[in-house]
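Next come the chains, spelled out residue by residue.
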Amino acid sequence: MSLKSVLMCWDFPHRIGCKMLERMKGAIFDLDGTLLDSMGVWRKIDEDFLGKRGYLVPEDYLKAITSMNFKGAADYTIERFGLNEHPENIMEEWFAMAIDAYTYHVQLKPYVREYLKGLRERGVKIAAATSSDARLFEPCLKHHGIYDWFDAFSVTTAVKRAKGFPDVYWNAAEKIGLSCEDCVVYEDILKGVEGAKMGGFYVVGVEDIHSSYEKEEIRSKADRYIVSFEELV
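Just so we're clear, the structure is a prediction, and the values are computed from it rather than from any experiment.

J.: I'm lost on the sheet that holds strand β8 (residues 224-226) in this one. Help?
T.: What holds strands together in a sheet is hydrogen bonding between their backbones, with the strands either parallel or antiparallel. Pairing in this open sheet of six strands is parallel, and the strands run β5-β4-β1-β6-β7-β8 from one edge to the other. Lying at the two open borders of the sheet, with one neighbouring strand each, are β5 (152-155) and β8. Strand-to-strand, the axes of this sheet are offset by a mean angle of 20 degrees, without reference to chain direction. Bridging between strand β6 (residues 183-187) and strand β7 (residues 202-206) involves four bridges; their strand directions are parallel. Its bridge partner being in β7, Y186 is matched across the sheet by V204. Running over the sheet, helix α6 (residues 112-121) touches β1 (26-29), β4 (125-130) and β6 and is turned about 150 degrees from β1.

Shown next, in the form of structure tokens:
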């Protein structure tokens, strides 16, 4: 076999992936950790919230709650730490701690604006599939002037199952009127990658420092893995 043939075989999955990214009709993005550089905000909230109650943040706590919506995370936190508190009160406390950061301080990850702009220019429909709350991500996206670039938003509170299952991605695809075969999902967490793959989507794993503990698993299960959106611009 010639060197050229070897290189072509080695590069085949990458070339197939490039073709998929070129012909896609819909792009479905996770927000926190994928488009938004926001996971550090939540790490600080976890530290402050649990610290007030006399606990350090366990190593596996962020991994456990990352794929959950707010209510699920509050219920999990109450059960895990034996807190005599109502989930609604915990959620309100988290919101109060996060709203200012999301409205004014959370940044887009590098080259996100350029990549989304390019998709819009190509006529690709853009949707979000998130475990976050609209009261947080809406002001953040509006602050950066990209809220209106999204054709639809799908949140895990509106579907039956959390990330780790395809529901939120199917819902996003349905909202933009496309099948899973015509959409690419972008995710930074393992459960998100697994759920989207389960749903029949082509999946791009996006590196984030706060999910580095599962980086290799994400890389192995995603169809493509990127360190930065610069690679796709």
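Text resumes after the structure shown.
J.: What's the story with the packing of aromatic side chains in this structure? I'm lost.
T.: We describe a pair of aromatic rings using the distance from one ring centre to the other and the angle between the two ring planes. One pass over the structure, following the stated rule, counts 18 aromatic pairs. Between the aromatic rings of W42 and F70, the centroid separation amounts to 5.4 Å while the plane-to-plane angle is 90 degrees, which identifies the pairing as edge-to-face. One end of the pair, W42, is in helix α2 (residues 39-52); the other, F70, is in helix α4 (residues 70-81), with 28 residues separating them in the sequence. Among the residues examined, F70 registers a relative accessible area of 12% and is labelled buried. Judged by centre distance (5.0 Å) and plane angle (55 degrees), the rings of Y55 and F81 are tilted. Here Y55 is found in the loop between α2 and α3 (61-65), whereas its partner F81 is found in helix α4, with 26 residues between them in sequence. One aromatic cluster in this structure is built from W42, F49, F70, W94, F95 and Y102. Sitting over the ring of F95, R135 keeps its end group 4.1 Å from the ring centre. When the ring centre of Y147 is taken as origin, the NZ or CZ atom of K142, which lies over that ring, is 4.8 Å away.

J.: Just to check I follow, could you spell out the side chain of H144 for this structure?
T.: Take H144: it is sitting in the loop between α7 (134-143) and β5. Every residue in contact with H144, bar those within four places of it in the chain, is listed here: V106, Q107, L108 and R113.

What counts, and at which threshold
- Residues numbered from 1 in each chain as written.
- Predicted model: local features only at pLDDT ≥ 70, side-chain atom pairs only at ≥ 80, totals over all residues.
- Heavy atoms only, no water.
- Pairing = 2+ DSSP bridges.
- Helix = DSSP H or I, 4+ residues; strand = E, 2+ residues; numbered from the N terminus.
- Axes fitted to C-alpha atoms, helices over the stretch in contact; angles between N-to-C directions.
- Contact = heavy atoms within 4.5 Å.
- Phe/Tyr/Trp six-rings, centres within 6.5 Å; stacked < 30°, edge-to-face > 60°.
- Buried < 20%, exposed > 50% of the residue type's maximum accessible area, 1.4 Å probe, protein only.
- Lys NZ or Arg CZ within 6 Å of the ring centre and 35° of its normal.

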